[in-house]
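What follows is the residue order along each chain.
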Amino acid sequence: MTRLLKYCTPYVAQILLVIALLFGQAYCDLALPDFMSDIINDGIVSGNTREILSIGAKMLGISLLSALCSIAVSLLAARVAAGVCRTLRLAVFEKVETFSNAEFDRFSTSSLITRTTNDISQVQILIVMVIRMVFYAPILGTGGVLRALAKSRSMSWIILVAVVCLLGLVAVMFAVALPKFRVVQKLIDRLNLVVREHLEGMLVIRAFSTQRFEENRFDKANKDLTDTNLFINRMMAAMMPTMMLIMNLTTVLIVWVGSKQVSALHMQVGDMMAYMQYVMQIIMAFLMMAMMFIMIPRASVSAERIADVLETEPAIMNADDVKPLERCGGVVRYEHVSFRYPGAEEEVLHDIDFTARPGQTTAFIGSTGSGKSTVVNLLPRFYDPTDGRITLDGADIRQFDIHQLRGQLGYVPQKGVLFSGTIRSNVAYSDPDASEEAIGDAAQIAQAMEFIDAKPEKFETNIAQGGSNVSGGQKQRLSIARALVQKPQIYIFDDSFSALDFKTDANLRAALHEKTGWATTLIVAQRISSIMYADQIIVLENGRIAGKGTHRELMENCEVYREIALSQLSKEELA
């Protein structure tokens, strides 16, 4: 929790104002028992009605002042908590945006969502309670002790007994509840994961009729969370009656001891009642702190989870001496590059060495798991090579600013990703200032106009979250159009034509060659027909280069390529 205190710094002035108001509220609350003592001793006992009305009016005024202070404190506390957590959410979101794939492998998507929503909400609730109770309880408790001792020192042992009992109860609750609070947040992560997978995989679940299995899976995650929360709530339910029992027994003890003092004329009735009120205020102060001790463990777990995200340093960062990338020639060179995923024992790429030049198409092909996508993912620095280096125009890409480097790349991922909005907003995502002509040209080259023109609203057609209302091929074509709008020097197509039919694939490749023939193009593909006309084809097998050359050269010299080609096309088609 202390690691997040810096986010409270902008609200120091408001917190100080809250503390001042709490002092005023505590002063009013502590003054009321004295006035009650005066009413009993000077008004009721002596039958002085004027004194009763006079002191009663003062008590009413002080009560109203205390209420106003309480309302102001509540408003300010809510304002501070909301402001701090708004800043926290923004900080977490911005931090996650800097994460490389290595960090996403460490923090699951469902966990990051929980940390950004549920965990920060727990911290927000705690901040309100801290401002409202943690500052107020010590003021009220200390003042109550001083006022109670001023009324009677002979009964001070009653306060000590009550406080010891309360502290013992809080210690037991704290020791038992803390481990459970840690479990709750992990169970929420698990529940979010199950729900997310269920919603995203709904079509597959229905296709295989596994609804019952998914229901049981959800029920288990839900039951585990429910059982843990029930255990915690039972403890809370047991705590409150126990504290009320301590409070009532203390009241009985004060009346019993105080009545003897009154009978012996050592204390007036009003003073005994005031003493009772002060002891109740002391106990209430400890009750507030006890409630905080119960809430702090869960919020502290949430705060630690948030701090873990904020303090994680991305594996991919800019170098200290960043080299500006003003103009890009587009010459990409992989120099004996090897790579292993973080935490892995074996390398997935071994000694990858090739050059991709402007005006040429470099294609990658190989069996599933051969490392094709991993090779092209190193260029945008989603990961950094374990050994060797990648250069752009002769300079190591790690010397460039990451944003400037990626600004030179038109990247189309293996799985087309669309955002909720319209076709226009998705195509123009890479360049929000793109003209209508540029958007239309990009869609035309990507062969997307065929289905866009069929839509009544054309480019203003709504796209659902994740592009769920368009087909896989349409999604890929819009993703390609998005990359084309950017007009980069280097294009990366990571198996981006897999959902296209052969005719659309051929038309798209022809349009790309005509309109972007000046650029450096890297293509990952499974189909020989998509790459057989590439200037350079790199064949990968188990993370190693098994062959490199043109289609004709590889058909003659590379057994791996020849086997892949003959498994897809006839000899006549390959000739």
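What counts, and at which threshold
- Residues numbered from 1 in each chain as written.
- Predicted model: local features only at pLDDT ≥ 70, side-chain atom pairs only at ≥ 80, totals over all residues.
- Heavy atoms only, no water.
- Buried < 20%, exposed > 50% of the residue type's maximum accessible area, 1.4 Å probe, protein only.
- Helix = DSSP H or I, 4+ residues; strand = E, 2+ residues; numbered from the N terminus.
- Pairing = 2+ DSSP bridges.
- Core = buried A, V, L, I, M, F, W, Y, C linked by side-chain atoms within 4.5 Å.
- Contact = heavy atoms within 4.5 Å.
- Salt bridge = Lys/Arg side-chain N within 4 Å of Asp/Glu carboxyl O.
- Expected span 1.5 Å × (residues − 1).
- Phe/Tyr/Trp six-rings, centres within 6.5 Å; stacked < 30°, edge-to-face > 60°.

## Description of the pairing of strand β10 (residues 520–524)
Among the five residues in β10, five count as buried, and that is most of the element. Neither face of β10 is left uncovered, since the one carrying Thr-520, Leu-522 and Val-524 and the one carrying Thr-521 and Ile-523 both have all their residues buried. Of the pairings in the sheet, the one linking strand β3 (residues 361–366) to β10 comprises four bridges and is parallel in character. Pairing of Phe-364 across the sheet is with Val-524, part of β10. Relative to β10, strand β9 (residues 490–494) is paired through five bridges, and the arrangement is parallel. Looking at β10, one finds that Asp-494 is bridged to Val-524.

## A few points about the sheet that holds strand β5 (residues 395–396)
Strand order in the open sheet made by the four strands is β2-β1-β4-β5, with antiparallel pairing throughout. If you trace the sheet from one side to the other, it starts and ends with β2 (349–356) and β5, each paired once.

## Considerations on the nonpolar core
It is characteristic of soluble globular proteins that their nonpolar side chains tend to be buried jointly. Counting 64 residues, the largest nonpolar core has Met-243 and Ile-283 as the members making the most contacts within it. Secondary structure elements with two or more residues in this core: α1 (12–44), α2 (49–98), α4 (109–134), α5 (136–151), α6 (156–200), α8 (211–263) and α9 (269–310). The greatest single-element share of this core, amounting to 16 residues, is contributed by α9. With near-sequence residues (within four places) excluded, Ile-283 lies in contact with Ala-162, Leu-166, Met-247 and Thr-250. Formed by 49 residues, the second largest nonpolar core is a distinct cluster that contains Phe-493, Ala-534, Ile-537 and Val-539.

## So, the pattern of salt bridges
What the rule picks out here adds up to 14 salt bridges. Here Arg-212 and Glu-215 are joined by a salt bridge, their closest N and O atoms 3.1 Å apart. One end of the pair, Arg-212, and the other, Glu-215, are both in helix α8, three residues apart, so they sit about a helical turn from each other. Arg-212 gets classed as exposed once you look at its relative accessible area, which sits at 58%. We note a salt bridge from Glu-335 to Arg-389, for which the minimum N-O separation is 2.9 Å. With Glu-335 in strand β1 (residues 332–339) and Arg-389 in strand β4 (residues 387–392), this residue pair connects regions lying 54 residues apart in the sequence. The partly exposed category is assigned to Arg-389, whose relative accessible area is 30%.

## A look at helix α15 (residues 472–485)
With 14 residues, α15 extends 20 Å from end C-alpha to end C-alpha; this agrees with the ideal 20 Å at 1.5 Å per step. Of all 14 residues making up α15, 13 are buried, and the element is well covered by its neighbours. Immediately downstream of α15, the backbone of Lys-487 shows phi near 50°, a positive value.

## Thoughts on the packing of aromatic side chains
Pairs of aromatic rings are described using the distance from one ring centre to the other and the angle between the two planes. Considering all chains together, one arrives at eight aromatic pairs under this definition. Plain terms: the ring middles of Phe-382 and Tyr-411 are 5.2 Å apart, the flat faces sit at 80° to each other, and that makes the pair edge-to-face. Of this pair, Phe-382 sits in the loop between α10 (372–377) and β4 while Tyr-411 sits in strand β6 (residues 409–412); the two residues are 29 residues apart in sequence, bridging distant segments of the chain. Three or more aromatic residues link up through ring pairs in this structure, and these residues are Tyr-334, Phe-354 and Phe-364.

These values are about where atoms sit, not about what they do.
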